[in-house]
Amino acid sequence: MKAKAALEQRAMEIPSLILPMSEHFMLAPTVSIAEIVSYVRPVPVQDGPDWLLGTFEWRKQPVPVVSLEVLRGEAVGDIGQRSRLAVFNNTGVSEDLPFFAVPTLGIPRLSRVQEASIHEVKDVPLKPFERIRVDLEGEICAIPDVAAMEQVILDFRRNGGKI
């Protein structure tokens, strides 16, 4: 009986990563992230917007590196030795962008999110590229609008930007 209850509870968990950013934490389900890699300084993109930090090679392909902070209207965070790149999977917006990366300001940590442990924060206005803000066991996290971030990269490309 206990084993069945444990299996049901595990089925209701969403494995997620808590990603440390400059002014907040980002919460993303693990299925949305292809890999967390050591930080590599991106190669700058000529005439790229401020939010596009450049590209890095991953799995033999160039991957755009996007500053979520700049997209949100904040300053770029301080990249340090604990920084990582979170490589996001395509959400289906376009096959032309299979992956993009976001730098974190620390090492992401795994969290098994259960319905009882997460609550929407409604008294703080959302920033751009946030879908929702949540309180996860006392930690305020932003759930990013990954599709909107993809769209910004695609729009840059459509307007002649080279990545």
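That block above? That's the structure.
The model shown is predicted, which means the values in this text are computed figures rather than measured ones.

Visitor: Sorry, what's going on with the overall build of the protein here?
Guide: Helix and strand content of the protein: three helices and 11 strands. Mapped in sequence order, the helices and strands of the protein form the string α-β-β-β-β-β-α-β-β-β-β-β-β-α. What you see for the protein is a C-alpha radius of gyration of 17 Å, in line with the 15 Å of a compact globule of 163 residues. By its C-alpha atoms, the protein is 60 × 35 × 30 Å across when sized along the principal axes. For the protein, the proportion of its 163 residues judged to be buried stands at 42%. A separation threshold of at least 6 residues defines the contact pool for the protein, and within that pool the share at least 24 residues apart is 57%. Accessible surface, the protein: about 9,400 Å² in total, of which carbon and sulfur atoms supply 51%. Measuring between centres, the 18 positive side-chain charges of the protein sit 6 Å from its 22 negative side-chain charges.

Visitor: Would you mind going over empty space enclosed by the protein with me for this structure?
Guide: Over the atoms, a rolled probe matching the size of one water molecule traces out where space is still vacant. Across all of its chains, the model carries one cavity of 30 Å³ or more by this definition. Put simply, the largest cavity is a space of about 40 Å³. Around the largest cavity, the lining residues are L53, S67, E69, V76, G77, I79, P103 and L105. Split by residue class, the lining of the largest cavity holds five nonpolar, two polar and one charged.

Visitor: Teacher, can you tell me more about the nonpolar core here?
Guide: Looking at soluble globular proteins, one finds that nonpolar side chains tend to be buried together. Within the largest apolar cluster, 23 residues are counted, with the highest numbers of intra-cluster contacts made by L19, F88 and F100. Put simply, the parts of the chain that give this core at least two residues each are strand 1 (14–20), strand 2 (25–29), helix 2 (68–71), strand 6 (84–89), strand 7 (99–104) and helix 3 (146–158). With residues near it in sequence (within four places) discarded, L19 still touches H24, F25, M26, I33, I36, A86, F88, T104 and P108. Listed in part, the nine residues of the second largest apolar core include V63, V65, L85 and V87.

Visitor: Whenever I open this one, the side chain of E74 confuses me. Can you help?
Guide: By the element assignment, E74 lies in the loop between helix 2 and strand 6. One polar contact links E74 to K127, side chain to side chain, over a distance of 3.0 Å. Ignoring sequence-local partners within four residues, the contact set of E74 consists of S22, E23, E69 and K127.

Visitor: Help me out: how do you make sense of the sheet that holds strand 2 in this one?
Guide: Where strands meet in a sheet, backbone hydrogen bonds hold them as pairs that are either parallel or antiparallel. Taken in spatial order, the six strands of this open sheet run 8-1-2-11-10-9, and their pairing is mixed. Each edge of the open sheet is held by one strand with a lone partner, namely strand 8 (109–113) and strand 9 (118–120). With strand direction ignored, the average angle separating the axes of adjacent strands in the sheet is 40°.

Visitor: Is there a simple way to explain the pairing of strand 5 (residues 61–66) in this structure?
Guide: Side-chain positions along a regular strand alternate between the two faces of the sheet. Where strand 4 (residues 52–58) lies against strand 5, six bridges are found, and the strand directions are antiparallel. Counterpart to E57 in the pairing with strand 5 is P62. Hairpin connection of strand 4 to strand 5: two residues between the antiparallel strands, including R59 at a positive phi of 50°.

Basis of the calculations
Residues numbered from 1 in each chain as written. Predicted model: local features only at pLDDT ≥ 70, side-chain atom pairs only at ≥ 80, totals over all residues. Heavy atoms only, no water. Helix = DSSP H or I, 4+ residues; strand = E, 2+ residues; numbered from the N terminus. Rg over C-alpha atoms; globule rule 2.2 N^0.38 Å. Buried < 20%, exposed > 50% of the residue type's maximum accessible area, 1.4 Å probe, protein only. Contact = heavy atoms within 4.5 Å. Areas by Shrake-Rupley, 256 points an atom, 1.4 Å probe, with all protein chains shown as cover. Lys, Arg positive; Asp, Glu negative; His and termini not counted. Charge placed at Lys NZ, Arg CZ, Asp CG, Glu CD. 1 Å grid on protein atoms, 1.4 Å probe; cavity = no way out; pocket = protein on both sides within 12 Å on 5 of 7 lines; lining within 4 Å. Points joined across faces, edges and corners; volume = space filled by probe spheres on them. Nonpolar A, V, L, I, M, F, W, Y, C, P; charged D, E, K, R; others polar. Core = buried A, V, L, I, M, F, W, Y, C linked by side-chain atoms within 4.5 Å. Polar contact = N/O pair within 3.5 Å; in protein donor to acceptor, adjacent residues only side chain to side chain. Pairing = 2+ DSSP bridges. Axes fitted to C-alpha atoms, helices over the stretch in contact; angles between N-to-C directions.

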